[in-house]
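Residue-level structure breakdown
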Amino acid sequence: MRYRLYYWSAIPGRGEPIRLALEDAGAPYDDVARLPASQGGGDAAVARVLTAKNGLRPFAPPVLEAGSLRLAQAAHILHWLAPRIGRAPAGERARLAAHQIQLTITDLWAEVHDTHHPIAVGLYYEDQKAEAKRRAQHLRDERLPKFLGWFEHAVKGPYVFGRTASYVDLSLFQTIAGLRYAFPRAMNALARTLPKLEALHDRVRERPRLAAYLASDRRLAFNQDGIFRHYDELDAPLARSRRSRSS
Ligand SMILES: N[C@@H](CCC(=O)N[C@@H](CS)C(=O)NCC(=O)O)C(=O)O
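A brief structural summary.

Conventions adopted
- Residues numbered from 1 in each chain as written.
- Predicted model: local features only at pLDDT ≥ 70, side-chain atom pairs only at ≥ 80, totals over all residues.
- Heavy atoms only, no water.
- Helix = DSSP H or I, 4+ residues; strand = E, 2+ residues; numbered from the N terminus.
- Contact = heavy atoms within 4.5 Å.
- Polar contact = N/O pair within 3.5 Å; in protein donor to acceptor, adjacent residues only side chain to side chain.
- Pairing = 2+ DSSP bridges.
- Right-handed = clockwise from strand over helix to strand, strands pointing away.
- Salt bridge = Lys/Arg side-chain N within 4 Å of Asp/Glu carboxyl O.
- Buried < 20%, exposed > 50% of the residue type's maximum accessible area, 1.4 Å probe, protein only.
- Axes fitted to C-alpha atoms, helices over the stretch in contact; angles between N-to-C directions.
- Near = heavy atom within 4 Å.
- Areas by Shrake-Rupley, 256 points an atom, 1.4 Å probe, with all protein chains shown as cover.
- Nonpolar A, V, L, I, M, F, W, Y, C, P; charged D, E, K, R; others polar.

**Considerations on the environment of D235**
Structurally, D235 can be placed in the loop between α9 (208-214) and α10 (240-246). Distance from D235 to P145, taken between C-alpha atoms, is 14 Å for residues 90 residues apart in sequence. Each residue touching D235, except ones within four places of it in the same chain, is listed here: R140, A182, F183, P184, R185, A186 and H230. At 2.7 Å, the side chain of D235 forms a polar contact with the backbone nitrogen of R185. Of the polar contacts made by the side chain of D235, one reaches the backbone nitrogen of A186; its length is 3.1 Å.

**Here we look at the pairing of strand β1 (residues 3-6)**
Of the pairings in the sheet, the one linking β1 to strand β2 (residues 29-31) comprises three bridges and is parallel in character. The residue bridging L5 from the neighbouring strand is D31, located in β2. For the handedness criterion, the β-α-β arrangement of β1, helix α1 (residues 16-25) and β2 is classed as right-handed. Pairing analysis gives three bridges linking β1 to strand β3 (residues 63-66), with the strands arranged antiparallel. Across the sheet, residue Y6 finds its bridge partner in β3, namely V63.

**Observations concerning the pattern of salt bridges**
Under the counting rule described, the total for this entry stands at 17 salt bridges. For D232, the salt bridge is made with R185, and the minimal N-O distance between the two is 3.5 Å. Taken together, the positions of D232 in the loop between α9 and α10 and R185 in helix α7 (residues 184-190) put the pair 47 residues apart, joining distant regions of the chain. Across the pair D202 and R205 runs a salt bridge whose closest N-O atoms are separated by 3.5 Å. One end of the pair, D202, and the other, R205, are both in helix α8 (residues 195-205), three residues apart, so they sit about a helical turn from each other. For D202, a relative accessible area of 31% translates into the label partly exposed. What emerges from the salt-bridge pattern is a single network uniting E16, R19, D31 and R219.

**Looking at the sheet that holds β2**
The strand order across the open sheet built from four strands is β2-β1-β3-β4, with neighbouring strands paired in mixed fashion. In the strand order of this sheet, the two ends are held by β2 and β4 (69-72), each with one partner. Strand-to-strand twist across the sheet, computed as the mean angle between neighbouring axes with direction ignored, equals 20 degrees. Here β3 pairs with β4 via four bridges, running antiparallel. Note that in β4 the partner of V63 across the bridge is A72. Lying on the sheet, α1 is in contact with β1, β2 and β3; it crosses β2 at an angle near 145 degrees. In this fold helix α3 (residues 74-84) packs onto β1, β3 and β4, with an angle of close to 130 degrees to the strand it touches most, β4.

**Regarding the site of the ligand**
Near the ligand the following residues occur: Y7, W8, R14, F59, A60, P61, P62, Q73, A74 and T106. Here R14 contributes a side-chain N or O atom positioned 3.2 Å from an oxygen atom of the ligand. Within the complex, the protein chains bury 66% of what would otherwise be the 500 Å² of accessible surface of the ligand. Here the residues of the shell around the ligand sort into seven nonpolar, two polar and one charged.

Below, the structure written as structure tokens:
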């Protein structure tokens with residue numbers, strides 16, 4: 001089976017958790033928007049799949065096609081895909097736990113997105129900077145410690161489900177990498193409370209297929225158009241009250 005992933009060509013975004021799963025598994029796929037237009041690629045291909053007339057029209061990318069099956073919603077795609085490419089944990093309970101964790105990762109990413117677009121997706125960051133600053137402070141001081149503390153508690157071995165990596169580990173790697181890019185000072189302040197996640201990040205980065213992918217031109221760097229953006233004014237060490245509470 002050769003999979004087709006549709007996601008915007010210039011940002012890692014919500015396509016990246018799916019790319020990481022496919023890459024780590026060595027599964028064959030086309031990153032359709034990154035193919036040349038002469039081969040049906042480019043962002044126009046994403047726009048086309050969003051207006052598909054057959055079946056359920058996807059609301060937003062990422063979209064995965066496998067034969068005639070078309071799925072959207074990143075966590076939903078991974079829940080279906082991972083068992084087929086050997087990146088899901090064994091057993092129904094563990095698979096449901098993986099899905100629950102992935103949905104929580106998706107929730108965190110939405111909150112990260114809302115730090116630079118707290119009022120409206122359709123407005124520029126420059127039009128909502130004051131609100132962004134307030135929103136980012138709440139994310140840094142309250143939400144990041146809560147989400148990351150919960151992910152830390154979910155890690156039961158070298159990987160979340162013990163000795164074998166699953167798609168959830170790959171998404172947690174991307175989460176930590178993205179947060180370090182966006183909020184380096186806040187993440188630095190939180191690092192000592194997250195030993196298992198920090199180790200998991202490094203372990204995933206060194207997996208042979210992943211390391212090859214990360215060094216390749218298929219890997220898109222974090223940038224100022226994606227979910228994880230670095231605006232210096234939105235980052236800070238944790239607020240004094242939390243520092244003293246946690247020390
Ligand atoms: N919950 C969806 C969110 C999808 C989403 O927001 N996609 C973005 C790109 S990262 C988009 O293009 N959204 C268009 C829109 O929401 O109108 C998922 O996890 O896949």
